[in-house]
Amino acid sequence: MQTLKQAQVGSTVTVVKLHGEGAVKRRIMDMGITKGVQVYIRKVAPLGDPVEVTVRGYELSLRKADAEMIEVQ
């Protein structure tokens, strides 16, 4: 299992599954990250938090904890 946090900068990955529960999972889905969507990893901050991605044509910054909940391939 690979998470969004572990994906390499410059790669495009596909979301397989969202882990987490309740409000956190709902917030991630509201940002446009749903099963089957492609996510491009733009850059990662020096300490690994946050991760900047492009999803559905817009740029988004995710906390490291949120990126760990997104399973990708």
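None of these values were measured; they are calculated from a predicted model.

S.K.: Outline the pattern of salt bridges, listing residues and values.
M.R.: Evaluation of the coordinates by the stated rule reveals 5 salt bridges. For Arg-42, the salt bridge identified is with Glu-59, shortest N-O distance 3.5 Å. Highlighted residues: Arg-42 in strand 3 (residues 38-44) and Glu-59 in strand 5 (residues 58-62), separated in sequence by 17 residues. When the shortest N-O distance is used, the salt bridge between Arg-63 and Asp-66 registers 3.4 Å. Its relative accessible area of 3% is what places Asp-66 among the buried residues.

S.K.: How would you sum up the sheet that holds strand 3? Please name residues and give values.
M.R.: As summarised here, the arrangement of the 6 strands in space is 1-6-2-3-4-5, forming an open sheet in which the pairing is antiparallel. Pairing within the sheet leaves two strands with one partner each, and these edge strands are strand 1 (2-3) and strand 5.

S.K.: Lay out unusual backbone geometry in plain terms, naming residues and giving numbers.
M.R.: Of note, the phi angle at Arg-56 is positive, near 55°, even though the residue is not glycine. Positionally, Arg-56 belongs in the loop between strand 4 (51-55) and strand 5. Overall, the relative accessible area of 53% leaves Arg-56 in the exposed class.

S.K.: Mind laying out the pairing of strand 4, listing which residues take part and the relevant values?
M.R.: Most of strand 4 is tucked away, with 4 of its 5 residues classed as buried. As judged from the 5 bridges shared by strand 3 and strand 4, these two strands associate in the antiparallel manner. Directly across from Val-44, in strand 4, lies its bridge partner Val-51. In this structure, the hairpin formed by strand 3 and strand 4 is closed by a connection of 6 residues, where Gly-48 is found at a positive phi of approximately 90°. Inspection of the sheet shows strand 4 paired to strand 5 by 5 bridges, in the antiparallel sense.

S.K.: Residues and numbers for the nonpolar core, please.
M.R.: Residues Leu-4, Ile-33, Val-39 and Ile-70 are the most contacted members of the largest nonpolar core, which totals 19 residues. Counting residues per element, the ones that place at least two in this core are strand 2 (12-18), strand 3, strand 4, strand 5 and strand 6 (70-72). Not counting the four nearest positions on each side in its chain, Ile-33 is found in contact with Val-15, Leu-18, Ile-28, Val-55, Leu-60, Leu-62 and Ile-70.

S.K.: Requested: an account of the side chain of Glu-71, with residues and values cited.
M.R.: If you trace the backbone, Glu-71 turns up in strand 6. Looking at Glu-71, its side chain comes within polar contact range of the side chain of His-19, at 2.9 Å. Those residues within four positions of Glu-71 in sequence are excluded, and the remaining contacts are Met-1, Gln-2, Thr-3, Thr-14, Val-15, Val-16, Lys-17 and His-19.

Conventions and cut-offs
Residues numbered from 1 in each chain as written. Predicted model: local features only at pLDDT ≥ 70, side-chain atom pairs only at ≥ 80, totals over all residues. Heavy atoms only, no water. Salt bridge = Lys/Arg side-chain N within 4 Å of Asp/Glu carboxyl O. Helix = DSSP H or I, 4+ residues; strand = E, 2+ residues; numbered from the N terminus. Buried < 20%, exposed > 50% of the residue type's maximum accessible area, 1.4 Å probe, protein only. Pairing = 2+ DSSP bridges. Core = buried A, V, L, I, M, F, W, Y, C linked by side-chain atoms within 4.5 Å. Contact = heavy atoms within 4.5 Å. Polar contact = N/O pair within 3.5 Å; in protein donor to acceptor, adjacent residues only side chain to side chain.

On their own, these measurements won't tell you what the molecule is for.
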